[in-house]
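Structure assessment
Chain by chain, the residues run as shown.
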Amino acid sequence: MNADRPAILGGVPLRPDGPPGWPPPDPATDAALRALIETGEWGRYHGPHGEALRAALAETHGGCGVHLCAGGTAAVELALIGVGVTAGDEVILAGYDFRANAANVLALGAVPVAVDVRPDDWQIGPDAVRAALTAKTKAVLVSHLHGGAVDLPAVRALCDEAGVALIEDACQNPGATVHGRPAGTWGDAGVLSFGGSKPLTAGRGGAVLVPSNPAGARIAARVRRHVGRGNDLSPLSEMQAAVLLPQVRALAERTRIRAESAATLRGIAGLTPLAPAATAETTPGFYKMGFQYDPAAFDGLPRGLFCAALRAEGVAFDPGFAALRSQFSGRRVRFVGDLPHADAAGARCVVLHHPVLLTGGADLAAIPAAVERVRAWAGEIARTVPLPNEADTLEL
Ligand SMILES: *Cc1c(COP(=O)(O)O)cnc(C)c1O
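Numbering of residues begins from 1 in every chain and follows the order in which that chain's sequence is written. This being a predicted model, a pLDDT of at least 70 is required before a residue's local features are given, and a value of 80 or more before pairs of side-chain atoms are given or counted; all residues contribute to the totals for chains, interfaces and linings. Neither water nor hydrogens contribute to the side-chain values; these are computed over all heavy atoms in the structure.

**Focus on the site of the ligand**
Consider each residue's heavy atoms; a residue with any of them within 4 Å of a molecule or strand counts as near. The immediate surroundings of the ligand are formed by G71, G72, T73, F98, N101, L145, D169, C171, Q172, S193 and K198. Contacts to the ligand include S193, whose side-chain N or O atom sits 2.6 Å from an oxygen atom. Under this definition, polar contacts are N or O atom pairs within 3.5 Å; protein pairs additionally need one hydrogen-donor-capable and one acceptor-capable atom, and for neighbouring residues in sequence, both atoms have to be side-chain atoms. Here K198 contributes a side-chain N or O atom positioned 2.9 Å from an oxygen atom of the ligand. A total of 380 Å² of accessible area belongs to the ligand in isolation, and the protein chains cover 89% of it. The nonpolar class holds Ala, Val, Leu, Ile, Met, Phe, Trp, Tyr, Cys and Pro. Asp, Glu, Lys and Arg form the charged class, and all remaining residues, Gly among them, are polar. Tallied by class, residues from the shell around the ligand come to three nonpolar, six polar and two charged. Using the Shrake-Rupley algorithm and a 1.4 Å probe, accessible areas are obtained, with residue cover drawn only from the displayed protein chains.

**Points about the domain arrangement of the chain**
Quoted interface sizes are often the accessible area lost when the parts come together. Marked domain ranges trace back to an automatic or database domain assignment. For the chain, the assigned domains are domain 1 (27–247) and domain 2 (252–384). The distance between the C-alpha centroids of domain 1 and domain 2 comes to 24 Å. Any two residues whose heavy atoms approach within 4.5 Å are treated as being in contact. In this complex, domain 1 contributes 44 residues to the contact, which on the side of domain 2 involves 42 residues. Carbon and sulfur atoms make up 60% of the area that domain 1 and domain 2 hide from each other, which totals about 3,500 Å². On the domain 1 side of the interface with domain 2, the three residues burying the most area are Y96, W122 and H146, jointly 23% of the side's total. In what follows, salt bridge is the name for a side-chain nitrogen of Lys or Arg lying within 4 Å of a carboxyl oxygen of Asp or Glu. Across the domain 1-domain 2 interface, the total number found is one salt bridge. The quantity reported as buried area is the accessible area (1.4 Å probe) lost by two parts once they are put together, taken as the sum for both.

**Section: a positive patch on the surface**
For patch detection, residues must exceed 30% relative accessible area and be free of salt bridges, and they are connected within 9 Å for like charges or within 5 Å for nonpolar side chains (Val, Leu, Ile, Met, Phe, Trp, Tyr). Only four residue types enter the charge count: Lys and Arg as positive, Asp and Glu as negative, with His and the chain ends excluded. Each charge is placed at NZ for Lys, CZ for Arg, CG for Asp and CD for Glu. Among the surface-exposed residues, K138, R218, R222 and R225 lie close enough to one another that they form a single positively charged patch. Secondary structure follows DSSP: runs of H or I at least 4 residues long count as helices, runs of E at least 2 residues long count as strands, and numbering of each begins at the N terminus. The element that contributes the greatest number of residues to the positive patch is helix α7 (residues 214–227), accounting for three residues.

**Some words on the side chain of D318**
For D318, the position within the fold is in strand β12 (residues 317–319). The rule is simple: take the accessible area with a 1.4 Å probe, protein chains only, and divide by the maximum for that residue type; under 20% is buried, over 50% is exposed, in between is partly exposed. Judged by its relative accessible area of 16%, D318 is buried. A distance of 3.1 Å separates polar atoms of two side chains, one belonging to D318 and the other to R311.

Right, here's the structure in full:
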């Protein structure tokens, strides 16, 4: 057998143990959980851990106000409610985005207005937002996706000029610095997720960040009114807060390491990163590291087979999101124009799961090696391996 034969064709995987897991073993989390059991605090609704988490998140996010809640999706809904989105309002968002963001707008009876993304990094940009503004626009919802960084100075200025609210979804890049400010602090409301696969994880959970000024206080008051119905509708437990605390304390260092690792994956032919190169002003943050996949650089190998071949090597590549246009009808979502780049993102984005960016070392070095192995055999893989059903592997 040819030693270099890719695993998908029966060869030996480069990483036989598969990609590193998440969350990683961490003595600080173990200690936090043990302390909860010893004190019995694990069973409390409210307590010191939630307060400490709010303080730690405020400190790492420029002194903003923090509302903890049940999940990132819940946080997006609360942010929309917080900035006053109601039935009939329009909310502009990218035509390539987390599906639940559009669903959240619909759930409030408002209209998602989906615009095209930029061709170079597949992020929403100011020109597309400007062209979609109408008298009904209430808010612009931007997500930094797959390591990308939305041009927030420009989008912020545009929202201010138009008098519409800005919601910044930083679920995928907590700890990142975007044009000199912590991700999640550019908006009238910012959103974090503590979901099970996210860089900050408690299995579930999320947060709404609001500026510490009178406008932010009004948004926070609306959020509290909505969730406080004599009982908290969208709580984060003490147990969740306790495991998040050490992660928030480690966030800056981990973000730095992930950005350094990601920098080693730039320059692979046929895989153009969506993340900007780090600068003094911008340190990208990673949940998934996204790339523009160019099949022509891989002998025409379809994206689904590229991902399957890399996963067989023990490297966690998956297709990215489906474009919103393939998931929502034009009766529910207003699509502005043809959105060719959002469609391209839906068809050609591949994402690398983040844990390997933290472990680094041999796990990281295996990635370009695995990509080159797949490239060398791409023609044979395309000819002999059936295309997987992408609906089974798409990010949801
Ligand atoms: C993960 C994610 C969310 C929220 O997800 P939850 O699983 O509900 O915490 C929101 N937006 C984006 C872009 C995400 O990636």
